[in-house]
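Summary of structural features
Here is what each chain is made of, one letter per residue.
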Amino acid sequence: MKGRSSFLTVPHLLVRHELRLLVSLWLWAARRTHGAVADGSVFGYARGQGAMMSGFAFVCVVESVMMSVLLRDWPTVHHVVLVLDVYTVVVVVGLHAASVVRPHVLDPAAGTLRIRRAVHVDVRIPLERIASVRRELRATHERAEGALDLAVGAQTSVTVELAEPVTHVTFFGRRREVRVVRCHADDADGLVRAVRQAREGYAVP
């Protein structure tokens, strides 16, 4: 029964994922940021994937046009494929929009660092659990127990090591205890400096 119960939650998770993508598109169009707080700082990470996502979306559009030409004599199939192609383009653009409007958030007042990647990952790290934070550019990541690697454009630029683990909940609800979080930030030096200052009790610029 436990496995069946978990399986039944999958449609709910997928619908929630799609709704978050649509909300991200709206926020992107409205030039708004999700999760920003007063007296906090936000750090984007989408710049490194912008060209790749644009290229991917362009390929999807070209494919849609080609399929429309090839299937013009089969209207039913053409309509189905067109809907799927348009949906794919929306998902691709939505993923990039989610990365733009859901940046990393440092909230000194709450004492938390919120590390995110699009709508898939959202980890809140209490500042008192951070043992060290440093700028570290890595282009290869081997899967390791207790490590969470959130590469953007196949690289991470910030490494956060924890004195105590935090819980990361995966897309399908599996819970993992992590002690090392590696992520990317467009301004890696600024993120590292801000976290260090927040931990020392100074105001974050």
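A brief structural summary. (Residues numbered from 1 in each chain as written. Predicted model: local features only at pLDDT ≥ 70, side-chain atom pairs only at ≥ 80, totals over all residues. Heavy atoms only, no water.)

**Let's talk about the overall build of the protein**
The cut-off we apply is this: The way it works is that DSSP assigns letters per residue, a run of H or I at least four long becomes a helix, a run of E at least two long becomes a strand, and they are numbered from the N terminus. Partly exposed residues are those whose accessible area sits between 20% and 50% of the maximum for their type, while under 20% is buried and over 50% is exposed, using a 1.4 Å probe and protein chains only. Pairs of residues are marked as contacts when any of their non-hydrogen atoms sit within 4.5 Å. Accessible surface area values rest on a Shrake-Rupley calculation with a 1.4 Å probe, where residue burial reflects the displayed protein chains alone. Charge assignment in this entry is limited to Lys and Arg as positive and Asp and Glu as negative, and neither His nor the chain termini are counted. Charge coordinates come from a single atom per side chain, which is NZ of Lys, CZ of Arg, CG of Asp or CD of Glu.
Along the protein, the regular secondary structure elements total four helices and eight strands. When its C-alpha atoms are laid out on the principal axes, the protein stretches across 70 × 45 × 35 Å. Going through the 205 residues of the protein one by one, you find that 38% of them count as buried. Pairs at least 24 residues apart make up 66% of the contacts formed inside the protein by residues separated by at least 6 positions. Within the structure as shown, the protein displays about 12200 Å² of accessible surface, and the carbon and sulfur contribution to it stands at 59%. Where the 26 positive side-chain charges of the protein centre and where its 19 negative ones centre are 4 Å apart.

**Details of the environment of Val166**
Looking at the secondary structure, you find Val166 in strand 7 (residues 156–169). Discounting residues that sit within four places of it in the chain, Val166 has contacts with Val123, Arg124, Ile125, Pro126, Arg129, Arg176, Glu177 and Val178.

**Digging into the pattern of salt bridges**
Definition in use: A side-chain nitrogen of Lys or Arg and a carboxyl oxygen of Asp or Glu constitute a salt bridge if their distance falls within 4 Å.
Taken as a whole, this structure holds six salt bridges when the rule is applied. Across the pair Arg135 and Asp189 runs a salt bridge whose closest N-O atoms are separated by 3.2 Å. In this pair, Arg135 is assigned in strand 5 (residues 130–138) and Asp189 in helix 4 (residues 188–199), connecting sequence segments 54 residues apart. Since its relative accessible area comes to 47%, Arg135 is described here as partly exposed. For Asp189, a relative accessible area of 44% translates into the label partly exposed. The residue Glu136 makes a salt bridge to Arg138 at a minimum N-O spacing of 3.8 Å. Taking relative accessible area as the criterion, Glu136 reaches 22% and is therefore assigned partly exposed.

**Some words on unusual backbone geometry**
Of note in the backbone geometry, Asp39 takes a positive phi value of approximately 65 degrees without being a glycine. Mapped onto the fold, Asp39 is located in the loop between helix 1 (2–29) and strand 1 (41–43). Judged by relative accessible area, which is 73%, Asp39 ranks as exposed.

**Quick notes on the side chain of Ser24**
Residue position: Ser24 is located in helix 1. A relative accessible area of 0% means that Ser24 is categorised as buried. The residues contacting Ser24, other than those within four sequence positions of it, are Gly94, Ala97, Ala98, Val101, Arg102 and Val119.

**A closer look at the environment of Cys183**
Assignment of secondary structure puts Cys183 in strand 8 (residues 175–183). As for Cys183 and Arg117, which are separated by 66 residues in sequence, their C-alpha atoms are 8.6 Å apart. Setting aside residues up to four positions removed in sequence, Cys183 forms contacts with His104, Ile115, Leu150, Thr156, Ser157 and Val158.

**Observations regarding the nonpolar core**
Heads up, the rule is: In these notes, a set of buried Ala, Val, Leu, Ile, Met, Phe, Trp, Tyr and Cys residues joined through side-chain atoms within 4.5 Å is what counts as a nonpolar core.
Formed by 26 residues in total, the largest nonpolar core has its most connected members in Leu106, Leu113, Ile125, Ile130, Val158, Val160 and Val195. Of all the secondary structure elements, the ones that give two or more residues to this core are strand 3 (112–117), strand 4 (121–126), strand 5, strand 6 (147–150), strand 7, strand 8 and helix 4. The greatest single-element share of this core, amounting to six residues, is contributed by helix 4. Beyond its immediate chain neighbours, meaning those up to four positions away, Val160 contacts Leu113, Ile125, Ile130, Ser132, Val133, Arg179, Val180 and Val181.

**Looking at the pairing of strand 7**
Where a strand is regular, its side chains alternate between the two sheet faces. Test applied: Strands pair, by our definition, only if DSSP identifies at least two bridges between them.
As defined by bridge partners, strand 5 adjoins strand 7 across six bridges and the pair is classed as antiparallel. Note on strand 7: the bridge partner recorded for Arg138 is Thr156. Of the strand pairs in this sheet, strand 7 and strand 8 are connected by eight bridges, and their pairing is antiparallel. Directly across from Val169, in strand 8, lies its bridge partner Arg175. Remark: five residues form the turn of the hairpin made by strand 7 and strand 8, two consecutive strands paired antiparallel; Gly173 in that turn has positive phi of roughly 90 degrees.

**Describing the sheet that holds strand 7**
For clarity, the cut-off: Axis lines are fitted to C-alpha atoms, over the contacting stretch for helices. Their N-to-C directions set the angle, which ranges from 0 to 180 degrees.
Across the sheet, four strands lie side by side as 5-7-8-6; this open sheet has mixed pairing. Looking at strand neighbours, the two that pair on one side only are strand 5 and strand 6, the edges of this open sheet. For this sheet, the mean inter-axis angle between neighbouring strands, taken without regard to orientation, is 35 degrees. Here helix 4 sits on the sheet in contact with strand 5 and strand 7, set at roughly 175 degrees to strand 5.

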